[in-house]
Structures are given as C-alpha cells and as structure tokens.
Amino acid sequence: MKPAPFRYADPGTLEEAIAVLSSEGAGAKVLAGGQSLLPLLSMRLAAPTTLVDINRVPGLDTVEATGDGVTVGALVRHNALLHDAAAARVQPLLARATANVAHPAIRNRGTTVGSIAHADPSGEMTSVLALTDGHVTVATPSGVSTVEWRDFFVGPLETSVHGPAVVTSAFFPALPDRSGTAFAEVARRKGDYAVCGAGVVVTLDADRRVAAVRASYVSVGLTPEVHDLTDAVVGQPADSADWAAAGALARTLVDPDTDIHASADYRRLLVGVLTERTLVAAAAEALGGTE
Amino acid sequence: MTTKLFGEPVRRREDARLIVGKGRYLDDIGSNALAAAFVRSPHAHARVVDIDVDGALEVEGLVAIYTYEDLHGPMAEPLPVLIPHPQLHAPRTGYPLANGEVNHVGEPVVMVVATDRYVAEDVCDRIVVTYEELPVVVGVDAARSATHAVHAEIPDNVAARHHQETGDVEPALAASPHTLSFTQYIERSACMPMEGKGVHARWDDADSSLRVYSSTQASTSVRAAIAAKLELSLDKVEVIAPDVGGGFGVKINHPWPEELMVPLAAIALQAEVKWSEDRREHFISSAHERQQRQEITVGYDDDGRITALDVHIWHDNGAYTPYGIIVPIVTATQLVGPYVLPVYRVIVESVYTNTVIVTPYRGAGRPQGCYAMERTMDRIADALGLDRALVRERNLIRPDQFPYDHHLTFQDGRPVIYDSGDYPGLLDKLKALVGWSAAEELRAAAAERGKLLGVGMAMYVEGTGPGPYEGGHVQVLGSGKVLVSTGLTSQGQGHETVFAQIVASELGVPIEDIEVTTGDTRRFGYAVGTFASRAAVMSGNAIALAARGVREKALRIAADVLEVDPGDLEIDNGVVQVKGTPGASMPLRTVAVVSNPLRYAFDEAAKQATQFARPGSDDKPPVAVGDAPGLEHVDYYSPIRSTFASGAHAAIVEIDPATWEIDVVKYAVVHDCGNVVNPMIVEGQVHGGVAQGVGGALYERMVYDKDGQLQNASFMDFLMPYASEVPDIDIDHQQTPSPLNALGIKGAGEAGVIPGTAAIASAIEDAVGRRIASMPISPTELYDLMRNDDSELTAACARRSGTGAMA
Ligand SMILES: Cc1cc2nc3c(=O)[nH]c(=O)nc-3n(C[C@H](O)[C@H](O)[C@H](O)COP(=O)(O)OP(=O)(O)OC[C@H]3O[C@@H](n4cnc5c(N)ncnc54)[C@H](O)[C@@H]3O)c2cc1C
C-alpha cells in the first residue's frame, strides 16, 4: 500500500499550475485535499506520473455568499463550508449536506470542489451541485469557462473536463423564495458514504401550496440526477400534501445499483422513505419562511 | 499508601506511554532496515506455472527476490500443523512461499527485499507470475457439496470430523416429549488489530546470533519455530514482542510465512530486514474466523427442559489448518454453556475452502457455540410460549452442582469440568439490569414512536486459562526496583498494570518500584502465549508464586540479619520489619544487596548494606547448598484444567420499520470472572469485546465473491463499528472465585464478544417477529427477510398481533 513513483509540483499560482499540468501531460493530476486521491495512489489503483498540488495557489480558499448564490473556492475544506453561516443562509443545503460528508478529520482536509471534481456519485456535494442547478468554473490553458453541472458529470469518477484543467470554484445558486430544503441519508455507520441519501427543495406558491418539488439522491445512479416530483403533489396545501405519493413517484424514477452494502431494491425503498421524510421537513421550512 | 492493590481499579500504567506516542511498535523499530514486500496470489485456486522476474531486475534499490526454489531443508517443507489431533485426519498447511499451487487470494508467492517498501512494491508490480486457474470453493455449503476440491487429494474437502457425545442421542430424542430442528448460519469476520503483523530481523554475524522482533502473541514459540526452520541453535535466536497494537487471536498462529522469510533474508543478506503488514495484506493473508453452518435438533419437555441435543456443524477452516481444530473443538465443547444437557452429541466437520485460513479470533469458536445454544433456548421458549429467561433458568446448572462434569474433552485435552459458578445469580442480575420484565411496556412506548423494539439475551460459560503452564520471574534489585517478567506477550490488555498489582500485593512493595516485562525471550524462555483468556490466570498465578518465593527468601535473609524468627516478619511498603516492633527493620532493597555475598561497594546501596553484613561462619560456604545469590525467584503455574468464567448479556434493539435500520439502544452485561484483579481493566475488556460482538452481529463480514475474491478488503467496506455504533454498556459483576488457583481468578479477555451475536439476533427476532437464522444481519437483509412471504414467523409474533406484518 505504497504509491508507485510520481513527480510532485506545488505551483504558487494558478497560471503556473496550468502550465505544469500542460507540460506534464495526461498523467498529471491535481492534488487538493488528497482524501480521495491518496488512497487510490496507495492502493495502486491510480498511478499518475505527476501530482500538481494546488494548496499553495492563492485566492482559492474563500466562500463567497451573495444574493445569487454561494461560490466555493477550490481549496475550501468541507468543514469550512459546513460552518459558514452566510453560505448556510443563502443556500441551507450546503451545511446540511456537508455535515454528512465523512468525519471531521476528513472534512478538515477534503475540499468540496475536489469532491465535485472527483465526480463520485456517492458524494454528497455532487448531488447538491445538481439539486441547486449549480455550475463549476474551470481554468484551462485557453482560459476560464463555466460548466453547468449537467454537462460536467459524465460517469462515475468521470467529468467532461479533460486535459490540463483546474476547477477553481463551484457555484451553488441561492435557495429560491418561498422554498425549503432538507437533506437526509442512511449510512451503515455514522460518517460513511451513504447507502442512500436524499436532498430536496420544495417551493410554494403565494397560497402556500406546492409549486415545485425537486429531489436529488446520493449513491443512486451513475451520475447525479435531479428528479422533478412536482406532479405528485402540485397545488396541494404544503401542510397536508401527499408526500408519500411524491416518495412513491421518486421510487419509479430512480435506477439504483446493487453493491455489497445494499440491494437495488433496498436503495429504491430508501429513496421513497427519505424522499417523504425530507419533503415533510422541507415543506415545513418553506411554510415557516412564508409566515 | 497501601500496596494491597489486588482488586483495585488501578489506572493502566502503560497508557501514558502508549497514548503520547512513546509506544515502540514493530514499525518503529529499524528505520533503516531493508524492506520486504510480497507478491501474493491474485487467484483463489491456481497452479503457479511460471515466475518471471526479468522485468523487475532493473529497478533501482532491489536487493533480493525469493521464490520457493530458494528455500531449502526445513524451509522447503510445509509449515507446521501446530496442534495435531487424531480427528484432524487430513491436515494441510501452506509453504513459506507457494510451492506450485495457491489456495487462496493473498497467499505469498514471491518475497522481494529492497531499500524501502515503496521500491519493494515497485518490484512486486513488475514480477510476472503465470497461473493456471483451478475451480474455486467458497463457503461451507460449497465445500460440503464437494463439487470441487480445494486439495485434490481430499475430494470431500473435510479436514476433520470432530465428534463428541455424552450418551445415546437418538433414543433420547425419540423419547422426548417435543423436538425441533433447525439450520442456521454465522458469517466470517476477523480480528483486525490496529497494528497488523510485522517482523524485523537482525543477524549478528560475529556472534552468529539472530534477534527478531515480531508483532506476535507467542514470542517463545516463534523463537523455537525460527530456530527449527532456519536450523539455528535455540540459544542463538531471541524473539521479542515489542508493543503490539492488538492481537485478538490472529497473532497466536505461528510461524507465519513472514516470520520465517524475514529472518531468512536477514541472515542471507547480512542486513536488517523488516516487513510490516499493510491493511490489505491483513485482510487477504492473515486469518479470519466464525463461518459455520449449524444443524440443530433438540428434545425438550413441556417445561422447556432440554432432554437431548444433537448438533451437526460445518466449520469453514479456509485453505489450511495450521492451528489444528482448536476452533471446532471450542465450539463443540463450549456450546453447552451454563446448561444441564442430559444427552449431547456434537459433530463438527471442518472443511476446506479457497479462502483465508481460519484461526482463533477473540472468542475462538465460542460465539458460534453460544449462538447455537442460545438460539435453541429461544426456539424452545417460542414453541412453548414461555418467557425466554424462564426456559433458560429451568435448564441452568445449579450452584450446588459444582464441580460440574459435562463429560466432554476440552481444547487442552482435559475434561470439561466447571470449577465454580452461580448461573441463576447471573440471570437474576441480568434481568434486573436490563429491565427484562418491563419489555412489553418498552415495546409499546417504542411503537408509539413508530419503532419496533425487541429484547434478547444470551448466556455463556467460557473455559479460560488453559495450560499447560506459564512462568514468572520476580527479582528485587539493590536499588529497590522490582523486576517482573513472564514469557507470554501483551497486546494492550494492561499486563504491566495487573501483574504489578499482583506483585505489589504479594510482596508488599509500592507499585512504582515494579517493572513488568512480557514476551521477551531474553528475559523468560518458557511460555505458551496470550490467548484463551489465559494471561491473568496463568501468568498472574505464576508471578504470584514467584513473588511469594521472593518474599520467603527475603524474610529468611532478614530474619537472619535481624536475629528474629521469619514468622515474626512482614514486608510493608518495601520494608521488612518485625510485626508490631518499630525500629527492627531493614529495607527490602538492602535485603537484595545482602543476598549477594559478592558486594563491591559500587554504590550507596552496597555501602549501606555493609552495616547489616555479619561475618559468615568459616565452616560454611558463603552461598549455602541449594541457595543462590540474589533476591529473585522463578516459579511456574500449571493448572490441572481450565477454569470456567461465565456471564449473561442482554440487548434491546429498536428497528425503523421504514428503513429497517437496527439500533442497539441498550446493552447489559453481567460478568463473572472470579476474583477481579482490576475492575477497570475487566470493564475495558468487556467494552472492547462488546464492540466486537456488535460488529459481528450487525456490521462485519467477509464478502467473498464466487471466485474467492474478497470484495471488502479495506476499512472502507469492512464495517468495523465506530464508537458511534457501539451502544453504552451497563455492567454488573458477580465474583465466584475459582477453586483451582491461588488467586481465585478466571479469565476475562474474550467474554465480552461471545454472546453478542446470539443476544442481538434474539432481540431482532423479538422486534420483528420473523425468524433470524443467519447472522450478521444488515438493514438490506432485514428488508429482504421482512418482504419475503416465505420467511418464518415466530410463534410469539402470531400471539402478539401487529408486529411482524409488513406495513
Ligand atoms: C474515510 C473516508 C470517508 C469519506 N466519506 C465521504 C463521504 O461520506 N462523502 C463524500 O462526499 N466524500 C467522502 N470522502 C471523500 C472526501 O470527501 C474527499 O475529500 C473528496 O471526495 C475529494 O476531495 P479532496 O480535496 O480530498 O480531493 P483529492 O483527493 O485531492 O482529489 C480527488 C480527485 O479530484 C481531482 N481534483 C481535486 N481538486 C481538483 C480541482 N480543483 N480541479 C481539478 N481536479 C481536482 C483530483 O485530481 C483527484 O482526481 C471520504 C474520504 C475518506 C478517506
């Protein structure tokens, strides 16, 4: 369990980082918190020729919360985001989801953007990026561009960004008005990757009736997906909507896999249960916000 | 200050050192040593056709590559069957490096030695081994059906057929008012010490001697094995177990291939060589335990009293049987628990599979035996509509029945005769501790919260402290320091504390003056090892005897000096004094100096002692015949048979009927290990055991696929419980001293883990009303059980409408 040989660079600027990534070629990998990459190296499941450590690059460690949403820099650790009150006010899902990412020791090093760049469908933050309809900002030799979440996640551990690139930030849009959110998951042990997780956003109309319901799941499917559950409950009063029907609808929309910890059927069961439970909580929050 | 520390909750003296990073574990030794790494089989069953090292030779830092062809003499022979047994009719062991065939994923094929571990692994990556794959046998049922054979010459895959019976079971069953039969399973788990195995070897060419550090539970035997296999004289080999970061059984098996290969390389290369096992290696090339298929038929009367018990078990022993059939024997003999079984027959067929070997893991077959017996009790209670505690109580051995002879033969070849116990006392205490009689109210309250609540219990008797012997050495130095050593090893149990408590109490010296050394063959050459909850019983008693010997000698010498009768002397706080006469005294350290007639005045102690020295008589030698210089004593403790500890556990679980998550909300333990040396340490042992019990019941398993690949060989996917998964534990003690040893103690090391699976299975069954016949159980499996129309409802469920049916 020792990594194969690799070269190491720790550039002091973003430009330098891009330059090193370009010159080192396809075998080079960005190193952020190392919480996913280093285990892969140690088990020799990955053998990059070069690690480009971006931890010295300035300006990537800030969380910026505005009325539009929250921009999370590439070096922001999960724990920093978890405890960022301004970010939580703009988009409560951020704190709710990061609280479910691993344990404090891993959250202290692992980055939220790294987790998104890693594109693990068992990660919470990939799902939250999708649910909030967010995007990432990517720096490449040809400049800086934004990529919508839908275009970013291609497959498990696979994104559309290839070649020399650093994801410099992720943007999570603000929670819309008259909306509430909730996030819940079932894990075998506290802090483990979820067997199934669910994040939801409920939006009400001016009459406090359900206008929109969106849900996204963790460890369900190969890439993050957002499911529109509005049809099951649209127009119903938020305090007595048939959330079970929304859960039942969700079960028909997902296509989970079986692994050693859970069968596909069990995950589907959890999708229904967690959808219903989170929707009850999210609706209550939305109602609270409209009072 | 008292030195009567036996029974006191003395804080663990080793912890400060271990917690602040001053422990000296295997990997802390020899930072400049060459590193060994192994090419291990990626296949569960294959012939090794070719090993091509050419591509590896250019790697810078490569020092040596070893394959089976490099092994000669005893090293080219199979590894020993440590504990042969007449019923182990087809034993098989591997070789230090594979000899033409591999029988499980992880078996060592090639050893690489390089300048460091990174380079060694680079070399391993470039060695190309060609295999011809053979059919694979995974799991007891596949082994039993014997479509394929693990070892070609053993077509039925049966290594041993262990059989014991105490009477004619078939007529007894036929005459029983009721019988029931069932089959159940229990899965594999493993010890998972924080520190894996590890070996460091250094050859001193000038002295022709070898020093080996091994993260082992049996350093004296590792020493003997190395000497035999490498053809060295025993006196030229020393083996030291440094701080060992947990063992739980896996480090009692020996010699591991690496324990031989690393010293071999050290000698051949004339260099320090080290191997420290990584976690993946630990998963695929150490040892597992616990998988069994159990077929049980029980006869009983209307009151639930057992009339006959017939048990047929298939035990998965993995690819080889280096540790004999200890685990099957323990299951067979400890299954009987605290109960009277008028007629008992047990057959354990130990079968080969193409998986990692099975050697004792804390409990060592007892959790399986307890699971068989206790689930039988639950089934009888269910069938008769009786309280599960009541059925148990009716079958218990009564306190006036001791010594109680089960007419079985234990793992040590000695009869299973229980020395002492109070099992009804345990049960009463347990019911009170867990609130057994309030279960229905708790169930109703939980139902209001939308939860299914269930309670379960399990009782056990644990043979502890098997022989044949352990020894102890106690020596008082002129400085007043008291050196204590014993040959058995420590893996974090707190031996430095409890052995010191025993010596402080026996000798009357402050604990601060006592230094304990374990598992170092330079200090003590004869030992058996740390397993089967035997350290306190065996070494504890041996050390007590040694301390008594020192005390006797000290009193004799002091009596001579002080011109009093030894019977009038006592040792108090390190001073030998005449009882009740202030002033007439001398420090024990001075006795130590006086005990040696050669006394160069190097130091103050020697100078002071001269004031006590009296001229010896001219017609006697300075050291009397039969006497020896120095204030020290060696003694051994060798019991006639094991002593039997006991206990009872209860669990309360709450289950979410929507997600089928299982939460252990209360866990109660009543524990009887005779006289307790240190209650804090015993409770620590119980806590750790319960954590492993909960792990084995709800979280841990070895997920092999049909090709014999272990799917969860990392802590990411092998779910050892975190602190967050282990419930708070309520403990009550009962002390029934053992009449077999001077200290009246019984072992406590394994107890905590034994009843976990049985008690939690019982509680889940009680909560959901469906039969639980396979453990561990996870939420996804519970969901499958609950939605399967064919799964068996319990009779209790039918009586108690409501639960058990799916919403
Ligand atoms: C025991 C354990 C439990 C865990 N549990 C969870 C969990 O429950 N939920 C969860 O979501 N995660 C979990 N993780 C993973 C953790 O959240 C990681 O921190 C995260 O997945 C990756 O972030 P990182 O900063 O450590 O990235 P790294 O490990 O440094 O990198 C991961 C990958 O992303 C790439 N990368 C990283 N940053 C960038 C960037 N800015 N631009 C381009 N590419 C980049 C790297 O090249 C690499 O391929 C767990 C990890 C461990 C060790």
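On a predicted model such as this, the values are computed, not experimentally measured, just so you know.

Student: Requested: an account of the pattern of salt bridges, with residues and values cited.
Tutor: Residues and elements named next belong to chain B. According to the stated counting rule, one finds 60 salt bridges over all chains in the structure shown. A salt bridge links Arg449 to Glu654; the nearest nitrogen and oxygen atoms lie 2.9 Å apart. Of this pair, Arg449 sits in the loop between helix H12 (439-448) and strand E18 (452-464) while Glu654 is found in strand E26 (residues 643-655), placing the two residues 205 residues apart along the sequence. Among the ionic pairs, Arg556 bridges to Asp627, the shortest N-O distance being 3.3 Å. Pair noted here: Arg556 is in helix H14 (residues 535-562) and Asp627 is in the loop between helix H16 (604-610) and strand E25 (631-637), with a separation of 71 residues, a long-range link. Judged by relative accessible area, which is 43%, Arg556 ranks as partly exposed. What makes Asp627 partly exposed here is its relative accessible area of 29%. What you see here is one network of salt bridges that share partners, running through Glu374, Arg375, Asp378, Arg379, Asp382, Arg392, Glu765, Arg771, Glu792 and Arg799.

Student: Talk me through helix H11 (residues 423-434) of chain B; I want residue IDs and the actual numbers.
Tutor: Residues and elements named next belong to chain B. Over its 12 residues, H11 runs 17 Å from end to end, which matches the ideal 16 Å to within 8%, given 1.5 Å per residue. Looking at H11, one finds that the buried residues are Tyr423, Pro424, Gly425, Leu426, Leu427, Leu430 and Val434. Packed against the buried residues of H11 are helix H10 (388-395), strand E17 (415-418), E18, E26 and strand E27 (662-672). N-capping of H11 is provided by Asp422, with a side-chain oxygen placed 2.9 Å from the backbone N of Gly425. Trailing H11 by a residue or two, Gly435 shows a phi angle of about 75 degrees, which is positive.

Student: I'd like a rundown of the confidence of the model for chain B, residues and numbers included.
Tutor: All names here are of chain B. For chain B, per-residue confidence averages 95 on the pLDDT scale, and 98% of positions sit at 70 or higher. Within the model, pLDDT remains below 50 along residues 803-807, and this stretch shows 13 contacts once partners closer than five positions in the same chain are excluded. For this predicted complex, the interface confidence reaches an ipTM of 0.96, while the overall pTM sits at 0.96.

Student: Quick rundown of the domain arrangement of chain B? Include the residues and the values.
Tutor: Residues and elements named next belong to chain B. According to the domain assignment, chain B contains domain 1 (33-132 + 197-244 + 251-285), domain 2 (292-466 + 640-806) and domain 3 (467-637). The centre of domain 2, based on its C-alpha atoms, is set 43 Å off from the matching centre of domain 3. Taken residue by residue, the interface counts 23 residues in domain 2 and 21 residues in domain 3. A buried area of about 1500 Å², summed over both sides, lies between domain 2 and domain 3, and 58% of it is on carbon and sulfur atoms. Across the contact surface, domain 2 and domain 3 share zero salt bridges. Scanning the region where domain 2 abuts domain 3 turns up 12 residue pairs in polar contact (both at pLDDT 80 or more). Contributing elements (two or more residues each) for the side of domain 2 that touches domain 3: E18 and helix H17 (679-699). With three residues, E18 is the largest single contributor of residues to the side of domain 2 that touches domain 3. Of the residues that constitute the side of domain 2 that touches domain 3, the class distribution is nine nonpolar, 10 polar and four charged.

Student: Describe the nonpolar core, listing the residues and the values that go with them.
Tutor: Membership of the largest hydrophobic core comes to 70 residues, with the highest contact counts inside it found for Ile655(B), Leu698(B), Ile760(B), Ile764(B) and Leu782(B). Among the elements that make up this core, the one with the highest residue count is helix H12 (residues 264-290) of chain A (11 residues). Residue contacts for Ile760(B): discarding those within four places in its chain leaves Ala651(B), Val664(B), Tyr667(B), Val694(B), Ala697(B), Leu698(B) and Met775(B). The next biggest cluster of nonpolar side chains, apart from the first, holds 53 residues, and it includes Ile502(B), Met538(B), Ala606(B) and Val677(B).

The rules we used
Residues numbered from 1 in each chain as written. Chains lettered and ligands numbered in written order. Predicted model: local features only at pLDDT ≥ 70, side-chain atom pairs only at ≥ 80, totals over all residues. Heavy atoms only, no water. Salt bridge = Lys/Arg side-chain N within 4 Å of Asp/Glu carboxyl O. Helix = DSSP H or I, 4+ residues; strand = E, 2+ residues; numbered from the N terminus. Buried < 20%, exposed > 50% of the residue type's maximum accessible area, 1.4 Å probe, protein only. Expected span 1.5 Å × (residues − 1). Contact = heavy atoms within 4.5 Å. Polar contact = N/O pair within 3.5 Å; in protein donor to acceptor, adjacent residues only side chain to side chain. pLDDT = per-residue confidence, 0-100. Domains from an automatic or database assignment. Buried area = accessible area lost by both parts, 1.4 Å probe. Nonpolar A, V, L, I, M, F, W, Y, C, P; charged D, E, K, R; others polar. Core = buried A, V, L, I, M, F, W, Y, C linked by side-chain atoms within 4.5 Å.

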